[in-house]
Amino acid sequence: MLQAAPRGDVAHATTLRAEEDRLLRAAFGRFGGQPKAREAAAEIVRHYQQLGAGSWFLCDCRPGAVRPPALVPVAQTHIRRHQDDRWPVHSDACDFQREPAEQRGIVDSYSAAAANRPLRLVRPVGAAPSAMEPGEVWQSRNVRRPGIARLLARLMTDARLQSVGPDWVCPPLVEQVKALWTAARAVEIDAGVHLPEFLCTSPAKLGGVLGRIAAAPASRFPRSRPHGVLIARMEGTGGGVLRTLAGEAIPVGGRIAVFGERPSTGREPPVERAARSPYLAACVLGRAAPDAPAEVLSAYLHPCVSERHLMLVDSDLERQTFIQIRSVQSWLGKQHLARVSIEKPLFDIWPEDHGRAAADPRPPCLPDFVVRAAGENGAATAAAIETMGFADADYRARKERSHALMSRALGGAPVIEHDFHEPARQSQMDRDRVFWRSVRWQIAKSQPSGRATHADRIEVRP
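Here, residues in each chain are numbered from 1, in the same order as that chain's written sequence. Local features in this predicted model are restricted to residues of pLDDT 70 or higher, and side-chain atom pairs are both shown and tallied only at a pLDDT of 80 or more, whereas totals for entire chains, interfaces and linings draw on every residue. No hydrogens and no water enter the side-chain calculation; it runs on all heavy atoms of the structure.

## Description of the overall build of the protein chain
- The number of helices and strands found in the protein chain is 11 helices and 21 strands.
- Relative to its 462 residues, the protein chain shows a buried fraction of 49%.
- In this analysis, two residues are considered to be in contact whenever any of their non-hydrogen atoms come within 4.5 Å of each other. When contacts within the protein chain are restricted to residue pairs at least 6 apart in sequence, those whose partners lie at least 24 apart make up 64%.
- Total accessible area on the protein chain stands at roughly 21,500 Å², and carbon and sulfur atoms take up 53% of it. Numbering goes from the N terminus for both helices and strands, where a helix is a DSSP run of H or I of at least four residues and a strand is a run of E of at least two. Exposure is judged per residue with a 1.4 Å probe applied to protein chains only, and the accessible area is read against the type maximum: over 50% gives exposed, under 20% gives buried, and values in between give partly exposed. What sets the accessible areas is the Shrake-Rupley method with a 1.4 Å probe; for residues, cover comes only from the shown protein chains.

Structure (structure tokens):
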């Protein structure tokens, strides 16, 4: 909830009324901007700007901060974000971190259309380097998806590695990698330059690909400069290097983006951070300058199910959700109740005919999983599956908004939550059991009798 305080002060803040908070977010937040909301919110801005010597609004998106992010009333009609050395920026997930137009651009970066546009992984020689300043950053769906991440999402989707059919058995790793190479044939990294020519999927062969990039004439890359891509499993990152599963270090000259939503406190315990491993990394290879050696310029890491299953997931908790729905899938198949397919979508599923750019700003419509089934009578059922990984109120409010969009995008299908925090007094084993039965009931459309027992469930490895 927003607070109001004398400008520049944090010691005498008072909490806004719920309706005032709602109107300010609807008028000036990333999902707002409607003219009627701005008109109503102007009255609130005017009141607080005229109160005493003038008031600022303080945001709650960084709990525990000595000075919270601030919003300053302007011209008694609107507010602007205020930041300097003393006042921090809003968190990536905050309503006030982005303008509505910026939010539309974020959503567009998660569309399948964006992934099929011409790639711009590096800039031409003479232009500013495409690799950002060195350092590790978080990458969630609250910010624009970078080009290398769009490429990885396209390859994984086209390779059909993000779906698990009724008769699926995890293929050998070499077959999954072959599927990526097949999908890469349709990708051009520059005019007439197909990705497989400068693609590497084994850290052991990275030197050879870097050599080919260094030897490639500039004329081969008329719109950029010689570059390539490394896609490989990684154990983690730190200190400007990627750590392979074998323990080798691969230096990265620029930015390393790691997918995962940061807790509202901004702090993640080391054990939880370690649990995100293993990752599938997509890296841009090339020269940082015309006279520099070819190297790894930047990297994007996304958790995958396991070392042997490359399907991308968002977190270790999603891995646990995947195990649960795989168990339901197997049980329903063995009982001949339904043939179930599981999809982990990587692109916005909002239907084109619902509108995109002209619509009100919204979050990317990306369920954690989509489960579909056809029963013996031919009736099709579907459900969106969502892993509830945090307990804070802001996170749950955002999820409530996005879940409504998911249901609409899937024709009214239910959204089933796999909760890791609520009910607070319930054990995780009991929460898992409730979730398992909810998915089973929704898909099989037959109310299971009594309490689910161990015999009801099938243990499945990811």
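Let's pick the thread back up.
## Points about the packing of aromatic side chains
- Ring pairs are drawn from Phe, Tyr and Trp, using the six-membered ring of Trp, whenever the two centres fall within 6.5 Å, and their geometry is named by plane angle: stacked under 30 degrees, edge-to-face over 60, tilted for the rest. With the rule as written, the count across this model stands at 6 aromatic pairs.
- Considering the side-chain rings of W331 and W436, the 6.0 Å spacing of their centres and the 75° angle between planes classify their relative orientation as edge-to-face. With W331 in helix α9 (residues 316-334) and W436 in helix α11 (residues 428-444), the pair connects residues that are 105 residues apart, well separated along the chain.
- Charge-over-ring contacts are defined here by two conditions on Lys NZ or Arg CZ: a distance within 6 Å of the ring centre and an angle within 35 degrees of the ring normal. Here R67 stacks its cationic end above the ring of W87, 4.8 Å away from the centre of that ring.

## Quick notes on the packing of helix α1 (residues 18-28) against helix α2 (residues 35-49)
- One can describe the packing of α1 onto α2 by two numbers: an axis separation of 8 Å at closest approach and a directional angle of 120°. Relative to α2, the element α1 lies oblique. Note on packing geometry: the crossing formed by α1 with α2 is left-handed. Facing E20, L23, L24, A26, A27 and F28 of α1, the residues of α2 in contact are A37, R38, A40, A41, I44, V45 and Y48.
- Residues are grouped as follows: Ala, Val, Leu, Ile, Met, Phe, Trp, Tyr, Cys and Pro are nonpolar; Asp, Glu, Lys and Arg are charged; every other residue, Gly included, is polar. Partitioned by chemical class, the residues of the contact of α1 with α2 number 11 nonpolar, no polar and 2 charged. Here an angle of 0 to 180 degrees is reported between the N-to-C directions of two axes, which are lines fitted to C-alpha atoms, with helices fitted over the stretch in contact. Here the word oblique covers every angle except those under 35 degrees (roughly parallel), over 145 (roughly antiparallel) and from 65 to 115 (roughly perpendicular). Left-handed describes a crossing whose near helix is turned anticlockwise from the far helix through less than a right angle; right-handed describes the clockwise counterpart.

## A look at empty space enclosed by the protein
- Both cavities and pockets are sets of points on a 1 Å grid over the protein atoms alone; in a cavity a 1.4 Å probe fits but cannot get out, in a pocket the set is open with protein on both sides within 12 Å along at least five of seven lines, and lining residues sit with an atom within 4 Å of a point. Grid points are joined across faces, edges and corners, and a volume is the space filled by probe spheres set on the points. Inspection of the entire model under this criterion finds 1 cavity of 30 Å³ or more.
- Counted as a void, the largest cavity has a volume near 40 Å³.
- Taken together, R145, A149, L152, A153, Y300, H302, L312 and L346 make up the lining of the largest cavity.
- Those elements that provide at least two residues to the lining of the largest cavity are α5 (147-158) and β16 (294-306).
- The leading source of residues in the lining of the largest cavity is α5, at 3 residues.
- Here the lining of the largest cavity is composed, by residue class, of 6 nonpolar, 1 polar and 1 charged.

## Quick word on unusual backbone geometry
- Following S277, the chain continues to P278 via a peptide bond in cis, the omega torsion being 5°.
- Along the chain, P278 turns up in the loop between α8 (270-275) and β15 (279-287).
- Despite not being glycine, H336 has its phi angle at roughly 60°, a positive value.
- The exposure class assigned to H336 is exposed, which follows from its relative accessible area of 59%.

## With respect to the pairing of strand β17 (residues 309-312)
- Along β17, one buried face is formed by H309 and M311 and the opposite face, lined by L310 and L312, is buried too.
- Of the strand pairs in this sheet, β16 and β17 are connected by 2 bridges, and their pairing is antiparallel. The residue of β17 that forms the bridge with S306 is H309.
- When DSSP locates at least two bridges between a pair of strands, those strands are taken to pair. Once β16 ends, the chain turns through 2 residues before running back antiparallel as β17.

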